[in-house]
Amino acid sequence: MRHAFSVRIGPIGFRIGSDWRAPIDQLRELYRYYPSPNLPDFTVRLEATRPWRRWVRPSIRLAGDNMLPEAAPLPLAQGLLAAEMAMNLQLALGGRRYLLLHASCVERDGRAVLMTGESGAGKSTLATLLAARGWRFMGDEFALVDPDTGLVHAFPRLISLKNAGIAAAMAARPDARFGPLLAGTPKGDIRHMVPDGLAVGAMDEPARPALLLYPRFGFAAATTPVRASESFVRLTQASTNYVAMGEAGFGALCQLVRSTPAHAIDYPDGAAAVAQVEALWRTL
Amino acid sequence: MADALILARALADPQSLTLDTDWVGLITTARAELLLGTLAYRLDGLPLPEDVALLLADARAAAENGRRAALWEAEMARRALAPLDCPVLLLKGTAFVAAGLTAGRGRSIGDLDILVPRGSLDAVEAALLAAGWEWVKPDPYDDAYYRRWMHELPPLIHRERDRMIDVHHTILPPTARITPDAAALIADAQPLGNALSVPSPNDMLVHAAAHLLADGDLAGALRNLWDIHCLIEDHGIDGLAARARHHGLSREVDRALRLVRRLFGTPVPEMPARWADVLYLRRVLARDDWGRPIRPFTRLAFYIRSHWLRMPPAMLARHLWTKWRRA
């Protein structure tokens, strides 16, 4: 491919090739403090949907080792988003070493809080707000659970902030580095934020899962315990490779829900949610 | 230009890999050709760079899960069809793993392919529908086309397990100019001991060659050729020529033997090369180290050829016209 860049995010290495220079330059800039992988686990391709679409109304098709035929092409202006989506897609479809949970994750004292919920539940924003209060940010897309050890590994790629979350994160982390504002994407406005030095510097240190949370934004504050059996079902749905991993995935998930207390958290705003999480943390 | 030759060489002769191998290119190509699991088994036990060894161990674990899932799917079909008391043959990947053949080691297996006598098709379809399989293609033209002109039922998918089953009654479309002997395939099948069976070794080879060279556009050809190489390593080619003649597939089988000999050094007698073999190899290896399809004109030519093989010209014209009007 004409332009290429390799990066390691936590234990996962990516090789990204592109028909255009711009997305590669942006990745190189935003992932400046990340290491290169010895051997990339996945190859990602950002290619023109038709040969002429490299110049005329440039249109990016997400491709790579694993294909998702229905993934819609994106305009070149959203190249950074395309690269991030393509990397997530490769891991989601092809990752087998770790049980992948669609969750955000923060850590303190070697113990991790995993937060999972549907898009818009506030996973990313909540992780960002907690990181602003001294927690280590481990990721806002995937938590990687090692079936052998039960430990969760960090995947601190760029934080994908959406809509109202952008302003909330910028207020909480005025010192952070941000990517360009991508307006009018399929998910509204998106802006990427570079995880802080603690998140990147400690990304090779796994943590023991200590708390599972199911946040829901836009409700009166409430904290409800969730039984292990319900957690199990919720997490099978939050995992992209639970079925593909077979018995290893089942074992990892059983161990996780048995050993980790779980709570559903309804919250009206970020400050309330942070207070709820920290209150639960003190009870552990 | 770099193509998938690096992968063919690695499969044929893993010892030939050196430390400065382009591992990224090799792994990416293997993944794109659905041969990463196979490669992982071929390289198992060799001294490899640590990251490579780790990645290939994952691929073996994934292939092992895939093998188990494929065998489970075969068992599900067996249970659904047991009351019918008709012969059920496993084909392709599922047959390789069920029979414990080298071709099954690490092989990626998508759909479940089975073959039943044409006279049992209706009963088989009814039994599968009753057991939770559903039609994939709601389009009436496609459905009718499959039923009238294809060597298989329209694909069915299981509503809970999300796995496809292809029910064949022969191994080439009835519209093709070659008519293999499906009854002989069933008569000579080898039982697995659980009411399922697999084609005899020579029929497996003939089917693989037919699938590769008399049907389709050579998508996944490298994997199919590797199957053929492994089948020959396991069983040799005694009686193959006569069996190929019987099914009307001598040309395809001969070509398959020439191609595997060229690509993998398979121990088969040398035959005089045909000029078109070069074109086939160009198509088989048309994949670069980023996993991209290359050689668009060669690919297009084989795509057109696949339609030409499948249908007489007037029928092809009618089919394309109908498809075009509906598109």
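From a predicted model like this one, the values you see are computed outputs, not experimental measurements.

Novice: Honestly, the overall build of chain B in this entry has me stumped. Any pointers?
Specialist: In terms of regular secondary structure, chain B is built from 15 helices and 7 strands. Its C-alpha radius of gyration of 20 Å places chain B within 12% of the 20 Å reference for a compact globule of 327 residues. If one aligns the C-alpha atoms of chain B with their principal axes, the spans along those axes are about 55 × 45 × 40 Å. Split into buried and exposed, the 327 residues of chain B put 54% on the buried side. Considering only intrachain contacts with a sequence separation of at least 6, the fraction spanning at least 24 residues in chain B is 65%.

Novice: Just checking my understanding: could you explain the sheet that holds strand E5 (residues 74-75) of chain A for this structure?
Specialist: Two strands in a sheet stick together by hydrogen bonds in their backbones, pointing the same way (parallel) or opposite ways (antiparallel). Residues and elements named next belong to chain A. Strand order across the open sheet formed by 5 strands is E1-E2-E3-E4-E5, with mixed pairing between neighbours. Each of the sheet's edge strands pairs with one partner strand only, and the pair in question is strand E1 (3-9) and E5. Looking at chain direction, strand E4 (residues 59-64) and E5 are connected through 2 bridges and run antiparallel. Residue pairing in the sheet places Ser59 in a bridge with Pro75 of E5.

Novice: Explanation requested: the packing of helix H11 (residues 240-247) of chain B against helix H12 (residues 250-264) of chain B in the structure shown.
Specialist: Any two packed helices are characterised by the angle at which their axes cross and by the distance between the axes. Residue and element names in this part refer to chain B. Running from amino to carboxyl end, H11 crosses H12 at an angle of 140 degrees, the nearest separation of the two axes being 7 Å. The orientation of H11 with respect to H12, classified from their angle, is oblique. Between H11, through Leu240, Ala241, Ala244 and Arg245, and H12, the contact on the second element is made entirely by Ser250, Val253 and Leu257. Tallied by class, the residues present in the contact of H11 with H12 amount to 5 nonpolar, 1 polar and 1 charged.

Novice: Whenever I open this one, the interface of chain B and chain A confuses me. Can you help?
Specialist: Quoted interface sizes are often the accessible area lost when the parts come together. At the junction of the two partners, chain B supplies 16 residues and chain A supplies 20 residues. Summed over both partners, the interface of chain B with chain A buries about 1600 Å², with 55% contributed by carbon and sulfur atoms. Here chain B is connected to chain A by 2 salt bridges. Of the charged contacts in the structure, one is a salt bridge between Arg97 of chain A and Asp58 of chain B, with a shortest N-O distance of 2.5 Å. Applying the counting criterion to the chain B and chain A interface returns 11 residue pairs in polar contact (both at pLDDT 80 or more). When contributions to the side of chain B that touches chain A are tallied by element, the ones reaching two or more residues are helix H2 (23-32) and helix H4 (50-81) of chain B. At 7 residues, the largest contribution of residues to the side of chain B that touches chain A is made by H4 of chain B. Its residues placed into classes, the side of chain B that touches chain A shows 8 nonpolar, 3 polar and 5 charged.

Novice: Would you mind showing me how to read the environment of Leu240 of chain B here?
Specialist: Residues and elements named next belong to chain B. On the secondary structure map, Leu240 appears in helix H11. Here the alpha-carbon distance between Leu240 and Leu205, two residues 35 residues apart in the chain, equals 7.9 Å. With sequence-adjacent residues up to four places away left out, Leu240 is seen in contact with Asn202, Leu205, Val206, Val253 and Leu257.

Novice: Whenever I open this one, the confidence of the model for chain B confuses me. Can you help?
Specialist: Atomic detail in the predicted coordinates should be set aside for any region of low pLDDT. Scored by pLDDT, chain B comes out at a mean of 93, with 99% of its residues at no less than 70. The ipTM, which scores confidence in the relative placement of chains, is 0.90 for this predicted complex, and the corresponding pTM is 0.93.

Novice: Even after reading the chapter, I still don't get a nonpolar patch on the surface, so can you show me in this structure?
Specialist: A contiguous nonpolar surface patch, about 400 Å² in accessible area, is contributed by Trp52, Trp55 and Val56 of chain A. Relative to the helices and strands, Val56 of chain A resides in the loop between strand E3 (42-48) and E4.

Novice: For this particular structure, what's the right way to read the environment of Ala301 of chain B?
Specialist: With respect to the helices, strands and loops of the structure, Ala301 of chain B is situated in helix H14 (residues 296-310). For Ala301 of chain B, a relative accessible area of 43% corresponds to the partly exposed category.

Novice: What is the right way to read helix H6 (residues 121-130) of chain B from this model?
Specialist: Because each turn of an α-helix spans 3.6 residues, side chains separated by three or four positions end up pointing in the same direction. Residue and element names in this part refer to chain B. Among the residues of H6, Leu121, Val124, Glu125, Ala127 and Leu128 are the ones counted as buried. Within H6, the buried residues cover an arc of 165 degrees as seen down the axis, which keeps them to one side. In H6, those exposed residues whose orientation departs by more than 90 degrees from the buried face are Asp122 and Ala130. Of the residues trailing H6, Gly132 is marked for its positive phi of about 105 degrees.

Novice: Any chance you could explain the packing of aromatic side chains here in plain terms?
Specialist: Geometry of an aromatic ring pair is reported as the spacing of the ring centres plus the angle between the planes. Residue and element names in this part refer to chain A. Within the structure shown, the criterion is met by 11 aromatic pairs over all chains. Between the aromatic rings of Trp135 and Trp281, the centroid separation amounts to 4.9 Å while the plane-to-plane angle is 70 degrees, which identifies the pairing as edge-to-face. Remark: Trp281 occurs in helix H8 (residues 270-283) and Trp135 occurs in the loop between helix H3 (123-132) and strand E9 (136-139); sequence separation between them is 146 residues. The exposure class assigned to Trp135 is buried, which follows from its relative accessible area of 0%. Here Trp281 falls in the buried class, since its relative accessible area comes to 9%. Judged by centre distance (6.2 Å) and plane angle (50 degrees), the ring pair of Phe142 and Phe155 falls under tilted. Of the two residues, Phe142 is situated in strand E10 (residues 142-145) and Phe155 in the loop between strand E11 (152-153) and strand E12 (159-162); the sequence distance between them amounts to 13 residues. Here the two residues Phe142 and Phe155 agree in accessibility, since each one is buried. Here a set of aromatic residues connected by ring pairs shows up, and it is made of Phe14, Phe42, Phe142 and Phe155.

Novice: Would you take a moment to explain the pattern of salt bridges for this structure?
Specialist: Two side chains of opposite charge can pair, provided their charged atoms sit close to one another. Residues and elements named next belong to chain A. Taken as a whole and assessed by the stated rule, the structure comprises 38 salt bridges over all chains. Among the ionic pairs, Arg157 bridges to Glu141, the shortest N-O distance being 3.5 Å. Of the two residues, Arg157 sits in the loop between E11 and E12 while Glu141 sits in the loop between E9 and E10, which places them 16 residues apart along the sequence. Each member of the pair, Arg157 as well as Glu141, is classed as buried. Shared partners join several salt bridges into a network, and the residues in it are Glu84, Asp140, Glu141 and Arg157.

What counts, and at which threshold
Residues numbered from 1 in each chain as written. Chains lettered and ligands numbered in written order. Predicted model: local features only at pLDDT ≥ 70, side-chain atom pairs only at ≥ 80, totals over all residues. Heavy atoms only, no water. Helix = DSSP H or I, 4+ residues; strand = E, 2+ residues; numbered from the N terminus. Rg over C-alpha atoms; globule rule 2.2 N^0.38 Å. Buried < 20%, exposed > 50% of the residue type's maximum accessible area, 1.4 Å probe, protein only. Contact = heavy atoms within 4.5 Å. Pairing = 2+ DSSP bridges. Axes fitted to C-alpha atoms, helices over the stretch in contact; angles between N-to-C directions. Parallel < 35°, antiparallel > 145°, perpendicular 65-115°, else oblique. Nonpolar A, V, L, I, M, F, W, Y, C, P; charged D, E, K, R; others polar. Buried area = accessible area lost by both parts, 1.4 Å probe. Salt bridge = Lys/Arg side-chain N within 4 Å of Asp/Glu carboxyl O. Polar contact = N/O pair within 3.5 Å; in protein donor to acceptor, adjacent residues only side chain to side chain. pLDDT = per-residue confidence, 0-100. Patch = residues over 30% accessible without salt bridge, like charges linked within 9 Å, V, L, I, M, F, W, Y side chains within 5 Å. Areas by Shrake-Rupley, 256 points an atom, 1.4 Å probe, with all protein chains shown as cover. Arc of directions from axis to C-beta. Phe/Tyr/Trp six-rings, centres within 6.5 Å; stacked < 30°, edge-to-face > 60°.

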